[in-house]
Amino acid sequence: LELSVQDGSVLKVTNKGLASYKDPDNPGRFTSIKLGTFPKSLKGSRGICNDLRSVDWNKLLRRAVEGLQEPNGSSLKNIEKYLRSQSDLAIIVSNPIFQRRLRLGAKRAVNNGRLLKDGPLYSVNYGNLEGKGASKYSSISLPPVSLLPHEKDQPRADPIPICSFCLGTKESNREKKPEELISCADCGSSGHPSCLKFCPELTTNVKALRWQCIECKTCSACRIQGKNADNMLFCDSCDRGFHMECCDPPLCRMPKGMWICQVCRPKKKGRKLLHEKAAQIKRRYAKPIGRPKNKLKQLMLGSGSTELWPGAKWNCRLNIPLLKMDCRR
């Protein structure tokens, strides 16, 4: 954080002995702060930040991507070259921290859903979806949802008619537009789908279910609240929570990208399921289990026989020793 303050990408302001960190592009009530309140480490870079503070990076990035007209998207290097070639941007591109701020602006544009990133390539998001998860649902249709047996008879709390994020109502959201609220069935706290970064399909699915907010979220498999909260996954189709060990099949690491729980996932039947399970088992036993293969061969060559110890038999197919024991042993 201190290194970011020194290079100007984060603004540090001290007031009455307390330090606060701000975005240089949106410093808030910055003009009312006295010059003496800046820390010494920032005084040298304050003039550099002033030149780029009023720059709208979203407009510059969109202008560059649309100007390059590359079908698969534009790399950040090509975007920088295009902007440096524009005569009206000479003051901006001559700034020594232009390249660093451009990378930061591209990252924020992707997080805000204004740009789509496919590997190193950036493209403009022309879809109607907004927010952080816009690109995740742009080309995928979510499966239908239904209530679980234990969710049908549970009572619902009275909804609070105020959004917990923007403090707006259903008549006015963060963008001053009317939007219906989604309420938690346990505590009644509400939020706009746009504030929750929900796409329209996920919003429709959540309204048909007994939705829980992040504070009340319980695992839909074991139904235990507060257990292994760091290992809980949220379904991108119904927003239910599942522990990684409660998933079917259990997961040992966080999945990347979109994740659909076992409740919403379409069930596979018949021969297709058998073929998938058979391929899974085949992959599992393709690698040696137990001791490494070369060490087992050395043991076999040293002993001069196929028996590793009395009563053990070598199985060449699975690369593991199988112990033959009778009932008396």
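Residues numbered from 1 in each chain as written. Predicted model: local features only at pLDDT ≥ 70, side-chain atom pairs only at ≥ 80, totals over all residues. Heavy atoms only, no water.

K.L.:
Quick question: what am I supposed to make of the sheet that holds strand β3 (residues 74–75) here?
P.N.:
Hydrogen bonds between backbone groups are what pair the strands of a sheet, and the pairing can be parallel or antiparallel. Spatially, the three strands line up as an open sheet ordered β3-β5-β4, and their pairing is antiparallel. Taken across any chain shown, the strands that pair with only one partner, and hence form the sheet edges, are β3 and β4 (115–118). Summarising the sheet, β4 and strand β5 (residues 121–124) pair through four bridges and their orientation is antiparallel. Within β5, the residue paired with Lys117 across the bridge is Tyr122. (Pairing = 2+ DSSP bridges. Helix = DSSP H or I, 4+ residues; strand = E, 2+ residues; numbered from the N terminus.)

K.L.:
What is the right way to look at the nonpolar core in this model?
P.N.:
Across soluble globular proteins, nonpolar side chains show a tendency to be buried alongside one another. Residues Trp57, Leu61, Ile79, Leu83, Phe98 and Leu102 are the most contacted members of the largest nonpolar core, which totals 21 residues. Of all elements in the fold, only α4 (57–68), α5 (76–84), α6 (90–93), α7 (98–111) and β5 reach the threshold of two or more residues within this core. Top contributing element to this core by residue count: α4, with five residues. Those residues within four positions of Leu83 in sequence are excluded, and the remaining contacts are Leu60, Ala64, Leu89, Val93, Phe98 and Leu102. Listed in part, the 11 residues of the second largest apolar core include Leu142, Ile182, Phe198 and Cys216. (Core = buried A, V, L, I, M, F, W, Y, C linked by side-chain atoms within 4.5 Å. Buried < 20%, exposed > 50% of the residue type's maximum accessible area, 1.4 Å probe, protein only. Contact = heavy atoms within 4.5 Å.)

K.L.:
Which parts of the structure should I look at to understand the packing of aromatic side chains?
P.N.:
The relation between two aromatic rings is expressed through the spacing of the ring centres and the mutual angle of the planes. For the structure on display, the rule yields three aromatic pairs. With 6.2 Å between their ring centres and 70 degrees between their planes, Phe242 and Trp259 make a pair best called edge-to-face. Taken together, the residues Phe242 in strand β9 (residues 241–243) and Trp259 in the loop between β9 and α10 (270–284) connect sequence positions 17 residues apart. Given a relative accessible area of 2%, Phe242 falls into the buried group. (Phe/Tyr/Trp six-rings, centres within 6.5 Å; stacked < 30°, edge-to-face > 60°.)

K.L.:
Help me understand α5 in this model?
P.N.:
Quick reminder: α-helices carry 3.6 residues per turn. Residues three or four places apart thus point the same way. Taken together, the buried positions of α5 are occupied by Leu76, Ile79, Glu80 and Leu83. Buried residues along α5 cover an arc of 100 degrees about the axis, so they all sit on one side. Those residues of α5 that are exposed and angled more than 90 degrees off the buried face are Lys77 and Lys81. Among the structural elements, α4, β3, α6, α7 and β5 are those in contact with the buried residues of α5. (Arc of directions from axis to C-beta.)

K.L.:
Would you explain the side chain of Lys217 in this entry?
P.N.:
Inspection of the secondary structure assignment puts Lys217 in the loop between α9 (200–207) and β8 (232–234). There is a polar contact of 2.9 Å between the side chain of Lys217 and the backbone oxygen of Gln212. Not counting residues up to four positions away in its chain, the partners in contact with Lys217 are Trp211, Gln212, Gln225, Met232, Phe234, Asp239 and Gly241. (Polar contact = N/O pair within 3.5 Å; in protein donor to acceptor, adjacent residues only side chain to side chain.)

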